[in-house]
Amino acid sequence: MNRCVVGLQWGDEGKGKVVDILAEQSDVVVRFAGGANAGHTVVIGDKKFKLHLMPSGAVRDDACCVVGNGVVMDPEIFIQEIEGLDKQGISMDSRLFISENAHVVLSYHKLEDSLREASLGKNKIGTTNRGIGPCYSDKIGRSYAIRMADFRDLASLKDKLTKIVEYKNKIFSALYDAEPIDVDSVFESCKVYADKLVKYVTNTTKYLHEAIDDGKNLLFEGAQGALLDLDHGTFPFVTSSNASALGMAPGCGVPSRLVDDFLGVIKAYTTRVGAGPFPSEQDNEIGQLIRDKGNEYGTTTGRPRRCGWFDGVVVKYSAKIGGIDQLAMMHLDTLSGMKELKLCKSYIVDGVETDFFPSDAKTLEKVECVYETLPGWDEDITAISDYNDLPANAKAYVDMVEKITGVRVGVVGVGPGRSQAIFRN
Ligand code: GDP
Ligand code: IMO
Ligand code: MG
């Protein structure tokens, strides 16, 4: 059984938790997109792991972990993750595989990210400043890119870096009046990265196809969410990769028809970090209540997340483009205690009602949400493990999510812990 777990909103839906749970039944867990902009949380008892590049299956020490070609690899952060896990008694030796074709994020990418954002002023995207856009730009541009395989040959890496740094310095100086960066310090860091990471670098496409031929169970772990997808999200307020389920095949070299179950993770409400349209946003006391109850602060940057009502137009769209089989709805517990709950079922655009998500940013800025309103529930649901034991109003809420989106909710999250997920099938 091969599964793919992806976010269907603007990221932070709870993918890390769902992947950790499903990793128990998987042999190999594969990241295929994004980079250290991701922050995936796994909570086991009183231990909390925040993973940026490492597949969330790492926490289970029998799962093999693959970082696919579609990921932009920040070696500095990744080494910290490997060493951090090791300190907690979790060794990645013999079970970590990094694609030789994964592109490398270096210090000048992070500098470029922050310089560009600062220069945009009020038009900035609100990126994580992790160098994601600049690294993917270099990948698409081809001539000034470094891949993990380059760490195998330090002499030619030095030549490449010399040309790249010369080129970057011209841009930084001309566009941002920035101080030049020094190629020697970039190269010295790369020597350390190569020393620590080359042993994990391999042809992961070959590794994955051999695993498939051996009948292993694969679990693909998406980063970000469908609405942050470069092609299908709320452009330009998106990330620089195909963060929807559509990015899976190109990001690891396994065709999507080999996936038996596409699981779309959602929150019972909606959040977003950074700039961009958010039709059901509640920039008021309701949003603040959700933020407080759900602890809605960014895993990677610590920024407060923007919060709003559940948007079924968003999820219906993300599920359609991702070929989603079932939904895993997290944070139902966060809604406990709210008097009434709203779910957006359609938008009014220029006086016309539609339930299909508009792809154009200008249209999105002016849509008006049409809501269903349901009564809330007061019970604490965090210890419930049987779906039938949920309060009737909580079940009615889940039913409404299914009705609006047209997709079955197969999993319900009632708390951050590994055991706080109710599986309905
Ligand atoms: P990811 O990026 O999709 O992996 O999500 P994040 O880890 O960035 O953010 C999700 C947050 O919600 C984390 O702090 C999780 O521990 C927490 N979480 C996940 N599922 C639930 C749930 O069902 N209820 C509550 N209260 N918290 C949850
Ligand atoms: P996970 O995997 C939430 C957002 C940023 C910004 C936009 C572009 O934890 O769900 P980038 O640094 O990628 O160029 O920023 O995308 N963003 C995320 N928001 N969760 C994430 O990842 C995100 N990764 C990027 O806040 O708005
Ligand atoms: Mg996150």
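Please refer to the structure placed before this passage.
Here is what the cut-offs are and how they apply
Residues numbered from 1 in each chain as written. Chains lettered and ligands numbered in written order. Predicted model: local features only at pLDDT ≥ 70, side-chain atom pairs only at ≥ 80, totals over all residues. Heavy atoms only, no water. Axes fitted to C-alpha atoms, helices over the stretch in contact; angles between N-to-C directions. Helix = DSSP H or I, 4+ residues; strand = E, 2+ residues; numbered from the N terminus. Left-handed = near helix turned anticlockwise from the far one by under 90°. Contact = heavy atoms within 4.5 Å. Nonpolar A, V, L, I, M, F, W, Y, C, P; charged D, E, K, R; others polar. Pairing = 2+ DSSP bridges. Near = heavy atom within 4 Å. Polar contact = N/O pair within 3.5 Å; in protein donor to acceptor, adjacent residues only side chain to side chain. Areas by Shrake-Rupley, 256 points an atom, 1.4 Å probe, with all protein chains shown as cover. 1 Å grid on protein atoms, 1.4 Å probe; cavity = no way out; pocket = protein on both sides within 12 Å on 5 of 7 lines; lining within 4 Å. Sits in = over half its atoms within 2 Å of the grid points. Domains from an automatic or database assignment. Salt bridge = Lys/Arg side-chain N within 4 Å of Asp/Glu carboxyl O. Buried < 20%, exposed > 50% of the residue type's maximum accessible area, 1.4 Å probe, protein only. Points joined across faces, edges and corners; volume = space filled by probe spheres on them.

A. Examining the packing of helix H5 (residues 154-176) against helix H6 (residues 183-197) more closely. Where H5 contacts H6, the axes come no closer than 10 Å and their chain directions differ by 145°. For the crossing formed where H5 meets H6, the hand is right-handed. In contact with Leu 154, Leu 157, Lys 158, Leu 161, Thr 162 and Val 165 of H5, H6 contributes Val 183, Asp 184, Val 186, Phe 187, Cys 190, Lys 191 and Ala 194. The residue makeup of the contact of H5 with H6, split by class, is nine nonpolar, one polar and three charged.

B. The arrangement of the sheet that holds strand S11 (residues 261-267) in detail. Overall, mixed pairing links the ten strands, which are arranged S9-S7-S5-S2-S10-S1-S11-S15-S19-S20 in an open sheet. Edge positions in the sheet fall to strand S9 (201-202) and strand S20 (421-423), since each has one partner strand and no second. With three bridges joining them, strand S5 (residues 64-67) and strand S7 (residues 96-99) adopt parallel strand pairing. Each residue of the ladder has a partner; that of Val 66, found in S7, is Phe 97. Along the sheet, helix H1 (residues 15-22) contacts strand S1 (3-7), strand S2 (28-31), strand S10 (218-221), S11, strand S15 (326-330), strand S19 (409-413) and S20; its crossing angle with S1, the most-contacted strand, is approximately 165°.

C. Molecular detail of the site of ligand 1. Around ligand 1 sit 20 residues in total, of which Lys 15, Thr 41, Thr 299, His 331 and Asp 333 are the nearest. Within the contact set of ligand 1, an oxygen atom lies 3.5 Å away from a backbone nitrogen or oxygen of Val 414. Its free accessible area being 590 Å², ligand 1 has 93% of it covered by the protein chains. One can see that ligand 1 is located within the second largest pocket. Of all the secondary-structure elements, those providing two or more residues to the shell around ligand 1 are H1 and strand S3 (40-44). Of the residues that constitute the shell around ligand 1, the class distribution is four nonpolar, ten polar and six charged.

D. Region of interest: the site of ligand 2. Around ligand 2 sit 20 residues in total, of which Asp 12, Lys 15, His 40, Thr 128 and Thr 239 are the nearest. Residue Gly 126 places a main-chain N or O atom 3.5 Å away from an oxygen atom belonging to ligand 2. In the complex, 98% of the free accessible area of ligand 2, which totals 550 Å², lies under the protein chains. Tallied by class, residues from the shell around ligand 2 come to seven nonpolar, ten polar and three charged. A domain-level breakdown of the shell around ligand 2 finds at least three residues from each of domain 1 (3-91 + 204-423) and domain 2 (103-199).

E. Structural context of the pattern of salt bridges. Per the counting criterion, the structure on display carries 23 salt bridges. Here Lys 191 and Glu 188 are joined by a salt bridge, their closest N and O atoms 3.2 Å apart. Here Lys 191 and its partner Glu 188 are both found in helix H6, three residues apart, which amounts to about one turn of the helix. Among the residues examined, Glu 188 registers a relative accessible area of 41% and is labelled partly exposed. Lys 345 is paired through a salt bridge with Glu 372; the nearest N and O atoms lie 3.2 Å apart. Of this pair, Lys 345 sits in strand S16 (residues 340-349) while Glu 372 is found in strand S18 (residues 368-375), placing the two residues 27 residues apart along the sequence. Given a relative accessible area of 23%, Glu 372 falls into the partly exposed group.

F. Main features of empty space enclosed by the protein. Scanning the entire structure with this criterion turns up one cavity of 30 Å³ or more. Taken as a whole, the largest cavity holds about 30 Å³ of empty space. Surrounding the largest cavity, His 103, Val 104, His 109, Cys 135, Asp 138, Lys 139, Tyr 144, Ala 145 and Ile 146 form its lining. Of all the elements in the fold, those that place two or more residues in the lining of the largest cavity are strand S8 (103-104) and helix H4 (132-141). Residue composition of the lining of the largest cavity, by class: five nonpolar, two polar and two charged.

G. Here's a closer look at the pairing of S16. Sheet analysis places strand S14 (residues 310-311) next to S16, joined by two bridges and oriented parallel. Note that in S16 the partner of Phe 310 across the bridge is Leu 343. Across eight bridges, S16 lies against S18 in antiparallel orientation. Pairing of Leu 343 across the sheet is with Glu 372, part of S18. Bridge analysis of S16 against strand S17 (residues 352-354) gives three bridges, and the strand direction is antiparallel.

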